[in-house]
Amino acid sequence: LFLRDTPIRRLPESIGNLKCLQSLNLSASMISELPESIVNLSSLQSLNLSHTQIREFPEDIVKLTSLQSLYLNDVQISELPEDIVNLKNLQNLYLSGTEIREFPASIENLTNLRRLELGSVDLNSLPEGIGKLANLHRLDLSSSRIKELPENIGNLRGLKQLLLEDCFLNELPQSLLSLDLDYKEGKFSAGNYFEPGIYINGLKLKNQPVEIFFQSRDLIINYYESVRKEVALPINECKVVFLGDGG
């Protein structure tokens, strides 16, 4: 059911009779709330509420256990309920441009999640449990206010794309090397939409020289080793210079 960019403000309760409905797109409509009967859409796999007038996370959504894709981009919600974990089949969660500041710890139980979009959110950190999302393929944190990445983010061995563009992080954890992804200096765009990598165009780091991540993998490893030994290496390869006594 495609109702994108329509002036509709309210859905009738009778929509709950559409037991076989698989997709409901209300993006850019004037909808501000969902009818209680929405819980009867037991076959619904995709729900798009992006750019609507919704102000709070609709509690009934967590009862849509067949849901695979949930779009809430640019919706003024500030939190997610702990029972979002009930969406066991959820694969794609779009939250870019929302006002979410904290993630529920239960996010770790959304084990089928493949795509998590958090661009331009006010989130300061990710829960440690995100490292348990073994099926996650894409994590978008671009232009967010996140300051720290959990060390166990390196456990996301299935991750193909990590977007950190225009972020202000303190540092990048060494565990990112476990992902076997190249750092991408170029801007993420339609031309490289499917290209794997860690995208760091415009990234600002407080405690590390961001330029080091534009070097070879070996130099990045050497950099982390030098930090661990509390001996700072320059960005490019070092040369050992022996100074005599002048004699």
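Residues numbered from 1 in each chain as written. Predicted model: local features only at pLDDT ≥ 70, side-chain atom pairs only at ≥ 80, totals over all residues. Heavy atoms only, no water.

J.: I keep staring at the overall build of the chain and nothing clicks. Help me out?
T.: Of the regular secondary structure elements, the chain holds 1 helix and 11 strands. Traced from its N-terminal end to its C-terminal end, the chain shows the element sequence β-β-β-β-β-β-β-β-β-β-β-α. Here the chain holds 247 residues, and 48% of them are scored as buried. If you take every contact in the chain between residues at least 6 apart in sequence, the share linking residues at least 24 apart comes to 31%. Counting every atom, the chain has about 13000 Å² of accessible surface; 46% of that belongs to carbon and sulfur. If the 24 positive side-chain charges of the chain are averaged to one point and the 33 negative ones to another, these points end up 3 Å apart. (Helix = DSSP H or I, 4+ residues; strand = E, 2+ residues; numbered from the N terminus. Buried < 20%, exposed > 50% of the residue type's maximum accessible area, 1.4 Å probe, protein only. Contact = heavy atoms within 4.5 Å. Areas by Shrake-Rupley, 256 points an atom, 1.4 Å probe, with all protein chains shown as cover. Lys, Arg positive; Asp, Glu negative; His and termini not counted. Charge placed at Lys NZ, Arg CZ, Asp CG, Glu CD.)

J.: Would you take a moment to explain the pattern of salt bridges for this structure?
T.: Oppositely charged side chains can form a pair if their charged atoms are brought close together. A full pass over the atoms with the stated rule returns 9 salt bridges. The salt bridge partner of Glu-108 is Lys-132, with a shortest N-O separation of 3.3 Å. Here the residue Glu-108 occupies a position in the loop between strand 4 (92-94) and strand 5 (115-117), and Lys-132 occupies one in the loop between strand 5 and strand 6 (138-140), the gap between them amounting to 24 residues. With a closest N to O distance of 2.6 Å, Arg-115 and Glu-117 form a salt bridge. Since its relative accessible area comes to 17%, Arg-115 is described here as buried. When salt bridges with common partners are traced through the structure, they connect Arg-115, Glu-117, Arg-138 and Asp-140 into a single cluster. (Salt bridge = Lys/Arg side-chain N within 4 Å of Asp/Glu carboxyl O.)

J.: When you look at the layout of surface pockets in this model, what are you seeing that I'm missing?
T.: In this approach the atoms are scanned with a rolling probe the size of a water molecule, which exposes any empty space left behind. By volume, the largest pocket amounts to about 220 Å³. Around the largest pocket, the lining residues are Ser-32, Glu-33, Leu-34, Glu-36, Ile-54, Arg-55, Glu-56, Phe-57, Pro-58, Glu-59 and Asp-60. Considered class by class, the residues forming the lining of the largest pocket number 4 nonpolar, 1 polar and 6 charged. (1 Å grid on protein atoms, 1.4 Å probe; cavity = no way out; pocket = protein on both sides within 12 Å on 5 of 7 lines; lining within 4 Å. Points joined across faces, edges and corners; volume = space filled by probe spheres on them. Nonpolar A, V, L, I, M, F, W, Y, C, P; charged D, E, K, R; others polar.)

J.: What's the story with the environment of Ser-106 in this structure? I'm lost.
T.: Position of Ser-106 relative to the elements: it lies in the loop between strand 4 and strand 5. For Ser-106, a relative accessible area of 9% gives the class buried. Setting aside chain neighbours within four positions, we find Ser-106 in contact with Glu-82, Ile-84 and Val-85.

J.: Any chance you could explain the sheet that holds strand 4 here in plain terms?
T.: Pairing between sheet strands relies on hydrogen bonds along the backbone, with the strands arranged either parallel or antiparallel. Spatially, 9 strands are ordered 1-2-3-4-5-6-7-10-9 in an open sheet, and the strand pairing comes out parallel. Two strands close off the open sheet at either side, each with one partner strand: strand 1 (23-25) and strand 9 (183-184). Pairing of strand 7 (residues 161-163) with strand 10 (residues 197-199) involves 3 bridges; the strand directions are parallel. Its bridge partner being in strand 10, Leu-163 is matched across the sheet by Tyr-199. (Pairing = 2+ DSSP bridges.)

J.: Explanation requested: a negative patch on the surface in the structure shown.
T.: A grouping of Glu-56, Glu-59, Glu-79, Glu-82, Asp-83 and Glu-102 is seen on the molecular surface, where their side chains present a negatively charged patch. Structurally, the position occupied by Glu-102 is in the loop between strand 4 and strand 5. A relative accessible area of 62% places Glu-102 in the exposed class. (Patch = residues over 30% accessible without salt bridge, like charges linked within 9 Å, V, L, I, M, F, W, Y side chains within 5 Å.)

J.: I keep staring at the side chain of Asp-140 and nothing clicks. Help me out?
T.: Inspection of the secondary structure assignment puts Asp-140 in strand 6. A polar contact is formed between the side chain of Asp-140 and the side chain of Ser-142, at a distance of 2.6 Å. Setting aside chain neighbours within four positions, we find Asp-140 in contact with Leu-116, Glu-117, Leu-118, Gly-119 and Leu-163. (Polar contact = N/O pair within 3.5 Å; in protein donor to acceptor, adjacent residues only side chain to side chain.)

J.: Before we go on, may I ask you to explain the side chain of Gln-208 in this structure?
T.: Here Gln-208 is to be found in the loop between strand 11 (204-205) and helix 1 (217-228). Not counting residues within four places of it along the chain, the set of residues in contact with Gln-208 comprises Asn-170, Glu-171, Leu-172, Phe-213, Tyr-223 and Tyr-224.

J.: I tried to follow the packing of aromatic side chains on my own but got confused; where do I start?
T.: For any pair of aromatic rings, the description consists of the separation of the ring centres together with the inter-plane angle of the planes. A full pass over the atoms with the stated rule returns 7 aromatic pairs. Here Tyr-71 and Tyr-94 contribute two aromatic rings whose centre-to-centre distance is 4.3 Å and whose plane-to-plane angle is 10°, an arrangement assigned as stacked. Within this pair, whereas Tyr-71 is found in strand 3 (residues 69-71), its partner Tyr-94 is found in strand 4, the two being separated by 23 residues in sequence. Overall, the relative accessible area of 22% leaves Tyr-71 in the partly exposed class. A ring pair is formed by Tyr-193 and Phe-194, whose centres lie 5.1 Å apart and whose planes are at 85°; its orientation type is edge-to-face. Given the relative accessible area of 31%, Tyr-193 is considered partly exposed. Grouped by ring-pair contacts, the aromatic residues Tyr-183, Phe-213, Tyr-223 and Tyr-224 constitute a single cluster. (Phe/Tyr/Trp six-rings, centres within 6.5 Å; stacked < 30°, edge-to-face > 60°.)

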